[in-house]
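Examination of the molecular architecture
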Amino acid sequence: MHRSVDEPGFGERDGAGHGPVSVPPPYRPHPAPGDTPGHWSGIPAPPAGPWADAHGAPDPGRVDPRVLGVLLARHGWRRRGGAAGRYSRWTPPGGPGTGSGGTSLLVPESRAFPDCEDLLGEALAALAHSGTPSAREVLTGLSVPSDEIRWWRDVPPGPAGTVPWTVQEQLRSAARQLLLAGALAVRGRAGYHGARHRRPAQTSLETVVVGAAPGGRGLTAFLPVQPGRPIAVRLYHALYAAREATDYQRATGGMEAFDAAVEAGVSRELTEALIALVRGTEGARVALEWAPAAGAPEGCAARPEPVEFSPGDLPALREASARYLTDEPSVPVRITGAVVRMRRSGARGDGTVRLRVLGGAEVPHVRVTLGEEAYRTAVHAHLVGLPIRVVGRLESRGGFRRLTDAAEVVPVQVDEAERDRLMKSLHENLDFFEEACGPDEE
């Protein structure tokens, strides 16, 4: 489907072996959501027609021809001669009869070639008008230095060699889960993250764009080196650690390797993503390829081998997932939060409040059961537009969304702007507040 670079060292070192290939700054802005072959927000299908006619090809004056050559080889284009030391000729994957329209690119060997910019302009224009799916991926990779993550699933073919839409959605869902697991691991190592760090992790994935491979069995995600490289590096280590831990469990029956793999970024979220990726297939694999303009990160292989998982790995992955869920301990916290919901079964006694967390824990909301006096304090604080501070333990059960052993509930003074905002929220939701203070309907 995609071919690796077939020239030793090509894209990792310059001609003299001095370092990674560089792209002259400044870079063009990364394609905005909806302007790319796909995006995690809804993941639209690749746009039909000449992609660059509507959105523009990269500026040939800012494209390094060596980077273009690496990307063409990576995405299956074939190098078929040219003038040695001057330029090379590239043809699309599959050759004649594949719907490529006879596209042929002349790519200069370096910017020292006299007609370098003219040839690059013609090559980029040809890519923009090409009907070859990989042409759009090459243009996306040129728009900004991006690490690429690829997923493949071996599934039974459908009509005309494609796979059903529901199967393609399963691939997209599993890919999203895997990227989110990597983003969570960047923010902290844990066997189970639950709701912790989820919002900033999701935000860090907003610049990721995707493109589907022909037939629906594969998917490629482009992670801009800035700010996406930490996620790619963490996934690199986590995937290999998960593979080694799975092999160890299948050979010995022991789960110790999964415990140690947490430090590499393996978690319940990652094992669940791998389960979703493999389930219903004959096997699946994940591959990472580094942005040729930035080179390989420290501590990572320059050309990582794909990591493969099979249905036979599912029992080990499921056992690890359950283990991570039950073994992750509760966390002592001191939370400051605004009361947004409250309920108790009668006029007196214990009650439950829901807090929008303002500080003290990396979760958006928590539920807390309070004694009668503490509940009354929470009600009064809410009525006057003040948050409360409470000490307790953030329970892993339920995804770190519940605070137990609550104590020391006190109102917290805030600046006037924040207090006005809280009061406005109260008045806008007064009907809901009165209903929520009534009998518990659950």
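Computed from a prediction, not measured in an experiment: that's the story for all the values here.

Concerning the sheet that holds strand E9 (residues 331-343)
What the five strands build is a closed barrel, ordered E9-E10-E11-E13-E12; its pairing is mixed. When the angles between neighbouring strand axes are averaged without regard to direction, this sheet yields 50 degrees. The pairing of E9 with strand E12 (residues 388-395) spans seven bridges and is classified as antiparallel. Among the inter-strand pairings, Gly337 is bridged to a residue of E12, identified as Ile388. Strands in contact with helix H11 (residues 372-383) are E9, strand E10 (351-359), strand E11 (365-370), E12 and strand E13 (402-411); relative to E9, the strand with the most contacts, it is inclined by about 65 degrees.

A closer look at the nonpolar core
Most often, soluble globular proteins keep nonpolar side chains buried together rather than apart. One finds Trp151, Leu178, Leu179 and Leu270 to be the most contacted residues of the largest nonpolar core, which totals 52 residues. With ten residues, helix H7 (residues 225-252) is the single largest residue contributor to this core. Residues Val357, Val363, Val379 and Phe400 belong to the second largest nonpolar core, which totals 26 residues.

Thoughts on unusual backbone geometry
With an omega of 10 degrees, the peptide bond between Gln226 and Pro227 qualifies as cis. Positive phi, normally seen in glycine, also occurs at Phe400, with a value near 65 degrees. For Phe400, the location among the structural elements is in the loop between E12 and E13. Even without glycine at this site, Asp405 takes up a positive phi of about 55 degrees.

Re H7
Taking 1.5 Å per residue, 28 residues should reach 40 Å; H7 reaches 39 Å between its end C-alpha atoms and fits that length. Directly after H7, the chain includes Gly253, whose backbone phi takes a positive value near 85 degrees.

Some words on the environment of Glu362
Summarising the element assignment, Glu362 is placed in the loop between E10 and E11. With residues near it in sequence (within four places) discarded, Glu362 still touches Ala195, Arg196 and His197.

Some words on the side chain of Arg243
Position of Arg243 relative to the elements: it lies in helix H7. Once residues lying within four places of it in the same chain are set aside, the contact partners of Arg243 are Val307, Glu308, Phe309 and Asp313.

Quick notes on the packing of helix H3 (residues 116-129) against helix H4 (residues 133-143)
Following both chains from N to C, one finds H3 and H4 inclined at 130 degrees, their axes separated by 8 Å at the closest point. On the basis of the axis angle, H3 is oblique to H4. Handedness of the H3/H4 crossing: left-handed. Across the interface between the two elements, Leu124, Leu127 and Ala128 from H3 touch Ala135, Val138, Leu139 and Leu142 from H4. Residues of the contact of H3 with H4, tallied by class, amount to seven nonpolar, no polar and no charged.

Basis of the calculations
- Residues numbered from 1 in each chain as written.
- Predicted model: local features only at pLDDT ≥ 70, side-chain atom pairs only at ≥ 80, totals over all residues.
- Heavy atoms only, no water.
- Pairing = 2+ DSSP bridges.
- Helix = DSSP H or I, 4+ residues; strand = E, 2+ residues; numbered from the N terminus.
- Axes fitted to C-alpha atoms, helices over the stretch in contact; angles between N-to-C directions.
- Contact = heavy atoms within 4.5 Å.
- Core = buried A, V, L, I, M, F, W, Y, C linked by side-chain atoms within 4.5 Å.
- Buried < 20%, exposed > 50% of the residue type's maximum accessible area, 1.4 Å probe, protein only.
- Expected span 1.5 Å × (residues − 1).
- Parallel < 35°, antiparallel > 145°, perpendicular 65-115°, else oblique.
- Left-handed = near helix turned anticlockwise from the far one by under 90°.
- Nonpolar A, V, L, I, M, F, W, Y, C, P; charged D, E, K, R; others polar.

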